[in-house]
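Next come the chains, spelled out residue by residue.
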Amino acid sequence: MRSVLVTGGAGYIGSHTCLEMARSGIDVVVVDNLCNSRMEAVRRVEGISGKGITFYRADICDEAAMERIFERHEFSSVVHFAGLKAVGESVAKPLEYFHNNITGTVVLLRAMLRHEVRNMVFSSSATVYGDPQTVPVREDFPLSVVNPYGRTKLVIEDMMRDLHRSDDRWNIMLLRYFNPVGAHESGQIGEDPEGVPCNLMPYITKVALGSLPELKIFGGDYPTRDGTGVRDYIHVVDLAVGHLAALRKLEENPGCVAYNLGTGRGCSVLEMVNAMSRACGRAIPYSIVDRRPGDAAEVWCDPSRAMMDLGWKAERDLDAMCADAWRWQQKNPDGYPKD
Ligand code: NAD
Ligand code: UD1
């Protein structure tokens, strides 16, 4: 059986991807320092899939720990989720982000090089497009940076392109996620942010649950169909399935290629509020406030390269995203039990 190392596999997207990987017969080995996740997520993935997952609690920046993991297993590929991802925090603590995300990736890549593992799927982000001039966003659009978090993603992408240039035996899938939302349909795994959520979907579900009083919509005067911001929300299970397609693609020695993973459809904040009201059967109180600095009016992607090369497209619609997010939230109002 193929072993694949998943860094950050206890996290939101990592846990959903580990589940799809385990179900497809891949031997999953996770390394995670649990700085933004719970071991319980990995246990639940084992429960749903009926498959065991090897788990190492370690920091990817720890070269000795990474070496021990690579000595114990023969990996065919690495799926690299581990990283810090809060934009505001990255502005306040840029060095933490540079160290954790960039140094961590260098340490990981060096371990891969030593052990001749040259297949990598990397969690990049739509943030590498900065504030795009037009939509839909295509992979060949200019790349730019609007905050330190985004800089870590762009630097890592550039590092990976350099690595491939240095030795074309490296195969690297740069997956640029748009806005991952929702949860596994079992309601057993989902997004579990610390404290008050910054992102729209987890905020709305907390309002629906009654643990936050109302949603503040950041800006009602954007040049969009209803004045609110438009994004490309993608169901996290579709995203997880996209990683399986990327892992399969690595077997064809594709080189270093970037893919947009989104639905190709834009959804406004108000449309999301209405969809969540339908899913939970109650009104979501909201008020419209000033724009959030740094937000673009409209960001959605052209996902056709992923369809053409990977044979992948998102299948789940907005109603499924909301129904599944709501099921997870209702079953786990306080997230995972604290270990
Ligand atoms: P998450 O925080 O839930 O998962 C990241 C995981 O990495 C966590 O389990 C955390 O404990 C672990 N981790 C962080 N630093 C580590 C380190 N040094 N060593 C070991 N483990 C470490 O985040 P997520 O939403 O699942 O995101 C996964 C990846 O996808 C991240 O790289 C993120 O930047 C990227 N991404 C996320 C989104 C999003 O909206 N969720 C969008 C685009 C890209
Ligand atoms: C955020 C990140 C971005 C990351 C992306 C993917 C920021 C500034 N950017 O982008 O780096 O790649 O997630 O997950 O955090 N909104 C409200 N009220 C809220 C929260 C959000 O109106 O309480 C609006 C926003 O203005 C935006 C939309 O909802 O129009 C989505 O916001 P959010 O979920 O934070 O995602 P992004 O801003 O797209």
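See above for the structure.
Calculation notes
Residues numbered from 1 in each chain as written. Chains lettered and ligands numbered in written order. Predicted model: local features only at pLDDT ≥ 70, side-chain atom pairs only at ≥ 80, totals over all residues. Heavy atoms only, no water. Helix = DSSP H or I, 4+ residues; strand = E, 2+ residues; numbered from the N terminus. Buried < 20%, exposed > 50% of the residue type's maximum accessible area, 1.4 Å probe, protein only. Near = heavy atom within 4 Å. Polar contact = N/O pair within 3.5 Å; in protein donor to acceptor, adjacent residues only side chain to side chain. Areas by Shrake-Rupley, 256 points an atom, 1.4 Å probe, with all protein chains shown as cover. Pairing = 2+ DSSP bridges. Right-handed = clockwise from strand over helix to strand, strands pointing away. Contact = heavy atoms within 4.5 Å. Core = buried A, V, L, I, M, F, W, Y, C linked by side-chain atoms within 4.5 Å.

Examining unusual backbone geometry
Phi is mostly negative for residues that are not glycine, and the peptide bonds are mostly trans. Omega for the bond connecting V135 with P136 falls within 30 degrees of zero, at -5°, which places this linkage in the cis form. Topologically, P136 is positioned in the loop between strand 5 (119-125) and helix 6 (148-166). In this structure, L34 is a non-glycine residue whose phi angle is positive, near 60°. One non-glycine residue, E116, adopts positive backbone phi at about 55°. Position of E116 relative to the elements: it lies in the loop between helix 5 (94-114) and strand 5. Take E116: its relative accessible area is 58%, and that puts it in the exposed class.

Looking at the site of ligand 2
In the vicinity of ligand 2, 20 residues are found, and the nearest of them are K216, F218, R231, R292 and D295. Here F218 contributes a backbone N or O atom positioned 2.8 Å from an oxygen atom of ligand 2. R292 is positioned with one of its side-chain polar atoms (N or O) 2.8 Å from an oxygen atom of ligand 2. Its free accessible area being 730 Å², ligand 2 has 85% of it covered by the protein chains. Elements represented by at least two residues in the shell around ligand 2 include exactly strand 7 (179-181) and strand 8 (215-218). Here the shell around ligand 2 takes four residues from strand 8, the largest share from any one element.

Re the pairing of strand 1 (residues 3-7)
Of all the five residues making up strand 1, five are buried; the element is thus mostly covered by neighbouring parts of the structure. Here strand 1 shows a buried face lined by S3, L5 and T7 and a second buried face lined by V4 and V6. In the sheet, strand 1 pairs with strand 2 (residues 27-32) via five bridges, with the strands oriented parallel. Counterpart to S3 in the pairing with strand 2 is D27. Following the chain from strand 1 across helix 1 (residues 12-23) to the adjacent parallel strand 2, one finds a crossover that is right-handed. Pairing of strand 1 with strand 4 (residues 75-80), which is carried by five bridges, proceeds in the parallel orientation. Its bridge partner lying in strand 4, V4 is registered against S77.

What to know about helix 7 (residues 200-209)
For helix 7, a buried count of nine out of 10 residues is recorded, marking the element as mostly surrounded by other parts of the structure. Within helix 7 the residues assigned to the buried category are L200, M201, P202, Y203, I204, T205, K206, V207 and A208. The inward-facing, buried residues of helix 7 contact strand 7, strand 8, strand 10 (233-235), helix 9 (269-280) and helix 11 (318-331). G210, located one to two residues past helix 7, shows a positive phi value of around 95°.

Focus on the nonpolar core
If you look at the biggest cluster of nonpolar residues, it comprises 44 residues, and the most contacted ones within it are M21, V28 and M173. When residues of this core are traced back to their parent elements, those giving at least two are strand 1, helix 1, strand 2, helix 2 (39-49), strand 6 (171-177), helix 8 (236-250), strand 11 (256-261) and helix 10 (304-310). In terms of residues, this core owes the most to one element, helix 8, which gives eight residues. Core analysis: the next-biggest nonpolar cluster, separate from the first, contains 28 residues, V29, Y56, F70 and A111 among them.

Topic: the side chain of S124
Looking at where S124 falls in the secondary structure, it is placed in strand 5. Classification of S124 by relative accessible area gives buried; the value is 2%. With sequence-adjacent residues up to four places away left out, S124 is seen in contact with K153, E157, L175, R176 and Y177.

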